[in-house]
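The primary structure of each chain is shown beneath.
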Amino acid sequence: MRILLLTHAFNSLTQRLGAALQGCGHEISIEFDIADSVAEEAVALFRPDLIVAPYLRRAIPASIWRRHVCLVVHPGIVGDRGPSALDWALLEGAAEWGVTVLQAEAEMDAGPVWATAKFSLRAAKKSSIYRNEVTQAAVTAVLQAVERYAAHELPTPLADWPGARGRLRPLMTQTERAIDWQQDDSATVLRKIDAADGFPGVADSLFGIPCQIFDAWPEARLHGGPDAAPGDVVARRETALLRRTRDGAIWIGHARREGDFKLPATLAFAAEAAQLPDAPLAGWARADHATWQDIAWEESGSDENAVGFLHFEFYNGAMSTAQCRRLREALAWAKARPVRVIVLQGGADFWSNGIHLNVIEAASLNDGSPADESWHNINAMNDLALELIDSGKQITIAALGGNAGAGGCFLARAADLVWARDGVMLNPHYKNMGNLYGSEYWTYLLPRRVGDQGARDIMRNRQPLTAQAAVGTGFSDACLAGDAAAFRTDVARRAMEIASAPDLNERLAAKRERRARDEAEKPLAAYRAEELAQMRRNFYGFDPSYHVARHHFVRKSLASWTPRHLARHRDLGWTVPE
Ligand code: COA
């Protein structure tokens with residue numbers, strides 16, 4: 001079938017659905033929901049058999065749903081209606097939740113049901129539930145709905161659905177989200193912030209200044225001393241702030257001041273944070289109590305076959321200059337440990353999305369230079385990638401349990417092996433960010449995996465790759481279990497096998513030889529210099545595309561057109577029928 005994906009953005013859920021439908025043999029095209037007239041034109045051009053709406057912020061126009069079957073993905077159980085589905089489920093602590101695929105009709109979310117899929121609801125950030133459980137359930141339910149549609153089945157009216165428990169819920173307001181620092185215990189504060197992550201955040205204030213807060217973490221030990229009162233900000237650690245609650249304290253990782261964009265909390269309130277006592281952790285080893293720790297090291301196995309796991313839980317996978325430098329330091333330290341395999345685990349939801357566009361943009365708020373900050377950040381990323389490439393004493397593995405994009409993908413490729421969890425999406429290209437050329441040694445790392453033409457195609461086509469497709473193209477080495485816990489177990493087992501293999505020493509020797517051969521042929525410094533010459537043009541040249549794209553990305557400007565490589569129906573030669 002020809003299936004048009006009508007969506008607010010090409011987010012990872014939409015990417016995953018597109019790939020799954022393509023995998024079933026359907027022809028896919030994408031249009032952003034910009035205006036009724038644009039959607040109508042897309043429908044007229046593509047003449048779809050079916051329209052699927054994975055992520056919409058407004059209703060589909062009647063001119064479309066009256067004439068075409070439109071399947072809407074709703075992140076709620078059957079009968080649930082309204083724009084804050086997940087928020088209510090998380091705030092109220094529902095044990096089970098789901099995704100329902102409904103047919104669009106006049107009343108929002110009230111059309112007949114084509115399919116539904118359920119999941120147990122973790123106590124976690126809304127954004128994490130959306131990228132994991134919701135995305136998985138949406139794929140299951142949409143594929144089922146499309147199959148039923150293709151088989152000429154009919155949907156079930158909502159009123160006839162057996163045991164539908166959901167109901168119409170209003171938009172959750174900031175009044176319902178509000179934290180009462182005097183009354184709420186830490187668990188309640190965490191739940192409220194989780195239910196609003198990564199949008200819209202909880203409206204609150206820090207240092208007396210109104211802001212939205214995001215990205216909360218529990219703290220088991222630090223409370224800020226006997227004088228601290230609930231609501232007081234009592235300490236800082238790297239990018240996070242520690243805030244006293246009625247019965248303990250929590251970390252706040254990110255904040256957005258009014259009129260600004262989301263930033264690491266210590267950057268959003270730089271002057272105030274600088275006055276706070278620092279509460280560093282000793283070393284890189286995983287703390288033995290609940291706390292906020294963005295870089296954590298764990299080891300397993302005995303002296304002969306030890307494996308080390310380096311976790312880096314950077315919010316949204318964005319890596320600032322300072323974060324890259326600290327991670328490089330941690331990696332250099334890890335390389336000196338008596339371990340034979342190093343697994344780079346990234347974070348739970350993202351492995352890495354490359355340089356930190358929000359922190360770069362923030363340079364302009366402080367009379368700094370985003371171009372300079374971009375330059376520092378890409379150099380820090382490159383230093384980190386180099387530390388990884390240059391690791392002759394260990395086999396290194398990038399274990400992608402979460403998505404990776406742009407420079408994050410090439411940082412992963414700097415490891416000897418790339419293993420991705422089934423369900424992860426990779427976007428190993430840069431051009432979407434204002435035609436950025438990219439660095440991270442991609443010109444060395446990519447062609448040797450996929451060939452020169454393959455590398456050119458990946459960069460030019462700018463298509464997301466599923467974990468499976470990434471293996472098919474040669475970009476990555478294995479697609480492992482889709483369940484997050486099973487993935488971690490699988491990674492640990494395979495890493496241990498490598499560490500225990502009798503031929504490990506030969507394998508390491510071959511790795512060193514290959515690196516030496518490559519270096520003799522063309523030094524890494526030359527690849528870096530060539531890439532950075534292009535990046536210098538992106539950052540400092542006459543064409544401001546990268547700065548414009550970053551400005552809009554960070555401020556979440558509404559798209560004004562669908563990129564041509566996604567809107568296939570807008571390819572030359574397609575015409576609107578008379
Ligand atoms: N810097 C700062 N923030 C970033 C980021 C980056 N490099 N990459 C993603 N984010 C943020 C998004 O702004 C969003 O913020 P939110 O918390 O306000 O929602 C969040 O991460 C999730 O991004 P989203 O686009 O919703 O995630 P996705 O998994 O659906 O899509 C990508 C993944 C990779 C397609 C998309 O995030 C992207 O294009 N990122 C930019 C990559 C890039 O160009 N990096 C710079 C060049 S190296």
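Scroll up a little and you will see the structure.
What counts and what doesn't
- Residues numbered from 1 in each chain as written.
- Predicted model: local features only at pLDDT ≥ 70, side-chain atom pairs only at ≥ 80, totals over all residues.
- Heavy atoms only, no water.
- Helix = DSSP H or I, 4+ residues; strand = E, 2+ residues; numbered from the N terminus.
- Polar contact = N/O pair within 3.5 Å; in protein donor to acceptor, adjacent residues only side chain to side chain.
- Near = heavy atom within 4 Å.
- Areas by Shrake-Rupley, 256 points an atom, 1.4 Å probe, with all protein chains shown as cover.
- Nonpolar A, V, L, I, M, F, W, Y, C, P; charged D, E, K, R; others polar.
- Salt bridge = Lys/Arg side-chain N within 4 Å of Asp/Glu carboxyl O.
- Buried < 20%, exposed > 50% of the residue type's maximum accessible area, 1.4 Å probe, protein only.
- Expected span 1.5 Å × (residues − 1).
- Arc of directions from axis to C-beta.
- Contact = heavy atoms within 4.5 Å.
- Pairing = 2+ DSSP bridges.
- Axes fitted to C-alpha atoms, helices over the stretch in contact; angles between N-to-C directions.
- Core = buried A, V, L, I, M, F, W, Y, C linked by side-chain atoms within 4.5 Å.
- Disulfide = S-S within 2.5 Å.
- Phe/Tyr/Trp six-rings, centres within 6.5 Å; stacked < 30°, edge-to-face > 60°.

A. Highlighting the environment of Asp-457. Relative to the helices and strands, Asp-457 resides in helix α15 (residues 447–461). A sequence separation of 310 residues divides Asp-457 from Glu-147, and the C-alpha atoms of the two residues are 32 Å apart. Only 2.9 Å separates the side chain of Asp-457 from the side chain of Arg-460, close enough to count as a polar contact.

B. Seen up close, the site of the ligand. Taken together, 23 residues lie around the ligand, and Ser-12, Lys-262, Asn-316, Ile-355 and Leu-357 are the ones closest in. Lys-262 is positioned such that a nitrogen or oxygen atom in its side chain is 2.7 Å from an oxygen atom of the ligand. Between the ligand and Leu-357 there is a distance of 2.9 Å, counted from a nitrogen atom to a backbone nitrogen or oxygen. Protein contact buries 85% of the 870 Å² of open area that the ligand shows by itself. Residue composition of the shell around the ligand, grouped by class: 8 nonpolar, 12 polar and 3 charged.

C. Just the pattern of salt bridges, in detail. For the structure on display, the rule yields 37 salt bridges. The salt bridge partner of Glu-107 is Arg-81, with a shortest N-O separation of 3.0 Å. Placement of the pair is Glu-107 in the loop between β5 (96–103) and β6 (113–120) and Arg-81 in the loop between β4 (70–74) and α4 (85–91), with a sequence separation of 26 residues. Taking the relative accessible area as the measure of exposure, Arg-81 reaches 15% and is therefore buried. In this structure, Arg-449 engages Asp-477 in a salt bridge whose closest nitrogen and oxygen atoms are separated by 2.8 Å. With Arg-449 in helix α15 and Asp-477 in the loop between α16 (467–473) and β22 (478–480), the pair connects residues that are 28 residues apart, well separated along the chain. What makes Asp-477 partly exposed here is its relative accessible area of 28%. Taken together, the shared-partner salt bridges connect Asp-490, Arg-493, Arg-494 and Glu-497 into one network.

D. Spatial organisation of helix α19 (residues 524–540). Under the 1.5 Å per step criterion, the end-to-end length of α19 is 23 Å for 17 residues, consistent within 8% with the ideal 24 Å. Among the residues of α19, those classed as buried are Leu-524, Tyr-527, Arg-528, Glu-531, Leu-532, Met-535, Asn-538 and Phe-539. Seen along its axis, α19 keeps its buried residues to an arc of 115°; they face one direction. The inward-facing, buried residues of α19 abut α12 (370–389), α14 (442–445), α18 (504–521) and α20 (545–555).

E. Representation of the sheet that holds strand β14 (residues 307–312). Here 6 strands make up an open sheet; going across it, the order is β13-β14-β15-β17-β19-β22 and the pairing mixed. Since the sheet does not close on itself, it has two edges, and those belong to β13 (295–300) and β22, each with one partner. Taking each pair of neighbouring strands and ignoring which way they run, the sheet shows an average axis angle of 25°. The pairing of strand β17 (residues 395–400) with strand β19 (residues 417–421) spans 4 bridges and is classified as parallel. In the strand pairing of β19, Ile-397 is matched with Leu-417. Strand contacts of helix α10 (residues 321–335): β13, β14 and β15 (341–346), with the helix running at about 15° to β13, the strand carrying the most contacts.

F. Structural detail: the nonpolar core. Counting residues in each nonpolar core, the largest one holds 90 residues, and the members touching the most others are Leu-206, Ile-213, Trp-351, Leu-400 and Leu-446. A total of 9 residues in this core trace back to one element, the largest contributor, which is α12. For Leu-446, the residues in contact, after removing those within four places along its chain, are Phe-410, Gly-451, Ala-455, Ile-458, Met-459 and Phe-475.

G. Region of the structure containing the state of the cysteines. As enumerated under the stated definition, the model contains 0 disulfides in all. Summary of cysteine pairing: Cys-324 is not part of a disulfide, and the nearest cysteine sulfur, belonging to Cys-409, is at 15 Å. Its sulfur unpaired, Cys-409 is 14 Å from the next cysteine sulfur, which belongs to Cys-479. Residue classification places Cys-409 among the buried residues on the basis of a relative accessible area of 0%.

H. Spotlight on the sheet that holds β4. Spatial strand order, β2-β1-β3-β4-β5-β6: 6 strands in an open sheet with mixed pairing. Of all strands in the sheet, those bounded by a partner on one side alone are β2 (27–32) and β6. Neighbour-to-neighbour, the strand axes of the sheet open up by a mean angle of 20°, direction not taken into account. Sheet topology note: the β4/β5 ladder contains 4 bridges and is antiparallel. Across the sheet, residue Val-72 finds its bridge partner in β5, namely Leu-102. Sheet contacts for helix α1 (residues 12–23): β1 (2–7), β2 and β4; angle to β1, the most-contacted strand, approximately 175°.

I. Up close: the packing of aromatic side chains. Inspection of the entire model under this criterion finds 12 aromatic pairs. On the numbers, 6.1 Å between centres and 45° between planes, the contact of Phe-312 with Phe-314 is tilted. With 5.2 Å between their ring centres and 75° between their planes, Phe-312 and Trp-351 make a pair best called edge-to-face. Here Phe-312 is found in strand β14, whereas its partner Trp-351 is found in strand β16 (residues 350–352), with 39 residues between them in sequence. Judged by relative accessible area, which is 1%, Phe-312 ranks as buried. On the basis of relative accessible area, Trp-351 is assigned to the buried category, the value being 2%. Aromatic rings pair up to connect Phe-410, Tyr-430, Tyr-437, Trp-442 and Phe-475 into one cluster.

J. How the structure looks around unusual backbone geometry. Here the bond from Asp-197 into Gly-198 is cis, since omega is -20°, no more than 30 degrees from zero. If you trace the backbone, Gly-198 turns up in the loop between α7 (186–194) and β7 (202–206). The phi torsion at Phe-207 lies on the positive side, around 55°, for a residue other than glycine. Along the chain, the position of Phe-207 falls in the loop between β7 and β8 (209–219). According to the relative accessible area criterion, Phe-207 is partly exposed, its value standing at 31%.

Read these as spatial facts, not as claims about activity.
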